[in-house]
Amino acid sequence: MYKRLSAARKEFDPTEAYQYPEHLRQYLDGLPAAPGVYVFHSDSDVMPLYIGKSVNIRSRVMSHLRTAGEARMLRQSRRISYHLTAGEIGALLLEAQMIKALQPLHNKRLRRSRQLCSIHLAGGVPVIVSAKEIDFARTPDLYGLFSSRRSAQQTLLDIGDGELLCYSLLGLERLSHGRACFRFHLGRCAGACCGKESPEEHQLRLLDALQRMRIVSWPYPGAIGLVEHSGDRRQIHVVNNWFYLGSAASLAEAAGLNTVAQGFDRDGYNILSGPILSGLHEIIELR
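A brief report on the enclosed structure follows. (Residues numbered from 1 in each chain as written. Predicted model: local features only at pLDDT ≥ 70, side-chain atom pairs only at ≥ 80, totals over all residues. Heavy atoms only, no water.)

### Let's talk about the side chain of S77
Position of S77 among the secondary structure elements: in the loop between α3 (71–76) and β3 (79–84). With relative accessibility at 0%, the residue S77 sits in the buried group. Residue contacts for S77: discarding those within four places in its chain leaves H23, L24, F40, H41 and L49. (Helix = DSSP H or I, 4+ residues; strand = E, 2+ residues; numbered from the N terminus. Buried < 20%, exposed > 50% of the residue type's maximum accessible area, 1.4 Å probe, protein only. Contact = heavy atoms within 4.5 Å.)

The following block contains the structure:
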């Protein structure tokens, strides 16, 4: 009985109880109701506690201060700073860039992926490839972006199960030519392995399933500037091979950011592919 009570006392941490962070109130007056990135700082000048983005910095930061679930982060915070952008795209790009560079203590997503993988159709057969092996920005027939080979393989397994595809034709298991696989006898394979379905029909179903995850190759010969406006603020976001290189206020400044991209960036692709391919934003090709 005593041990159970002791355990219960240990589970309750009174320091986790929420209290409004009065010590941060002084930073609220200067926060703008505009797009950008905000930063919660600790005593350390090297590693921030949290980096976030919003189309309304003031409103979003105030919502943090009222969130009991963030009590620990709020107690550790000593000040709040912000960086204005010309809109939501700029805020998303800057947030991702800063999180990767500074590795804030309380940010869980947008961390740099160590083993970015994709599914590549090579001769009609899906092969799991790494961004360290090939240029994802320029290679056609890539499908999906995964944080590991295991997650890419699991997606292939899920597609195979959902579309009654043969694991052997997907390169997931070995099988003697013309012999029915085990899953065919269970009714989980349509029979491309043993002639019950044509290879063309099998391939069409595979392509249809993969198409929803298709990675678009970089559509320009070099770097571009995506122009974003918000009120009187204008930014040119410089991008090459889906990699965000920085933002500039003028074309001359943007041209100075036209450097060699550091490699394919999943967050850059996810943020930029929609706006760039939509045709709704001004695009300037940088030479």
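### Brief notes about the nonpolar core
Formed by 23 residues in total, the largest nonpolar core has its most connected members in W218, W242, F264, L272 and I276. When sequence neighbours within four positions are dropped, the list of residues in contact with W218 reads A137, R138, I224, V239, N240, N241, W242 and I276. Formed by 15 residues, the second largest nonpolar core is a distinct cluster that contains I119, L170, A209 and L210. (Core = buried A, V, L, I, M, F, W, Y, C linked by side-chain atoms within 4.5 Å.)

### Thoughts on unusual backbone geometry
For D141, which is not glycine, the phi torsion reads 60° and is therefore positive. Its location among the elements puts D141 in the loop between β5 (125–130) and β6 (142–146). On the basis of relative accessibility, which here comes to 40%, the residue D141 falls in the partly exposed class. Even without being glycine, N241 reaches a positive phi, approximately 55°. Assignment of secondary structure puts N241 in the loop between β8 (233–240) and β9 (243–248).

### Considerations on the pairing of β5
Bridge analysis of strand β4 (residues 117–122) against β5 gives six bridges, and the strand direction is antiparallel. Counterpart to A122 in the pairing with β5 is V125. Between β4 and β5, which pair antiparallel and follow one another directly, the connecting turn spans two residues, one of which, G123, has a positive phi of 65°. (Pairing = 2+ DSSP bridges.)

### Looking at the packing of aromatic side chains
One pass over the structure, following the stated rule, counts seven aromatic pairs. Measuring from ring centre to ring centre gives 6.1 Å for Y38 and F40, while their planes differ by 85°; the resulting arrangement is edge-to-face. Like Y38, the residue F40 is buried in the burial classification. A ring pair is formed by W242 and Y269, whose centres lie 5.0 Å apart and whose planes are at 80°; its orientation type is edge-to-face. Taken together, the residues W242 in the loop between β8 and β9 and Y269 in helix α9 (residues 266–278) connect sequence positions 27 residues apart. For Y269, a relative accessible area of 7% translates into the label buried. Taken together, the ring pairs connect F136, W218, Y220, W242, F264 and Y269 into an aromatic cluster. Between the NZ or CZ atom of R183 and the centre of the ring of Y167, over which it lies, the distance is 3.9 Å. (Phe/Tyr/Trp six-rings, centres within 6.5 Å; stacked < 30°, edge-to-face > 60°. Lys NZ or Arg CZ within 6 Å of the ring centre and 35° of its normal.)

### Remarks on helix α4 (residues 88–102)
In this model, α4 (15 residues) spans 21 Å end to end at C-alpha, consistent with the 21 Å of a helix rising 1.5 Å per residue. Along α4, the residues classified as buried are I89, G90, A91, L93, L94, E95, A96, M98, I99 and K100. Following α4 by one or two positions, Q103 has its phi on the positive side, about 50°. (Expected span 1.5 Å × (residues − 1).)

### Things to note about the pattern of salt bridges
A complete count under the given rule lists seven salt bridges for this structure. Salt-bridge contacts for E22 lead to R25; the nearest nitrogen and oxygen are separated by 2.9 Å. Residue class for E22 comes out partly exposed when judged on its relative accessible area of 48%. Judged by its relative accessible area of 41%, R25 is partly exposed. (Salt bridge = Lys/Arg side-chain N within 4 Å of Asp/Glu carboxyl O.)

### Side note on the sheet that holds β4
Through backbone hydrogen bonds, the strands of a sheet pair up, either in parallel or in antiparallel fashion. An order of β5-β4-β6 is seen for the three strands of this open sheet, with the pairing classed as antiparallel. Lying at the two open borders of the sheet, with one neighbouring strand each, are β5 and β6. Between one strand axis and the next, the sheet turns through 25° on average, direction left out of account. Alignment of β4 against β6, held across three bridges, turns out to be antiparallel. Pairing of I119 across the sheet is with Y143, part of β6. Against the sheet, helix α5 (residues 149–163) contacts β4, β5 and β6, and its axis sits at roughly 160° relative to β5. Running at roughly 150° to β4, helix α7 (residues 199–211) makes contact with β4, β5 and β6 of the sheet. (Axes fitted to C-alpha atoms, helices over the stretch in contact; angles between N-to-C directions.)

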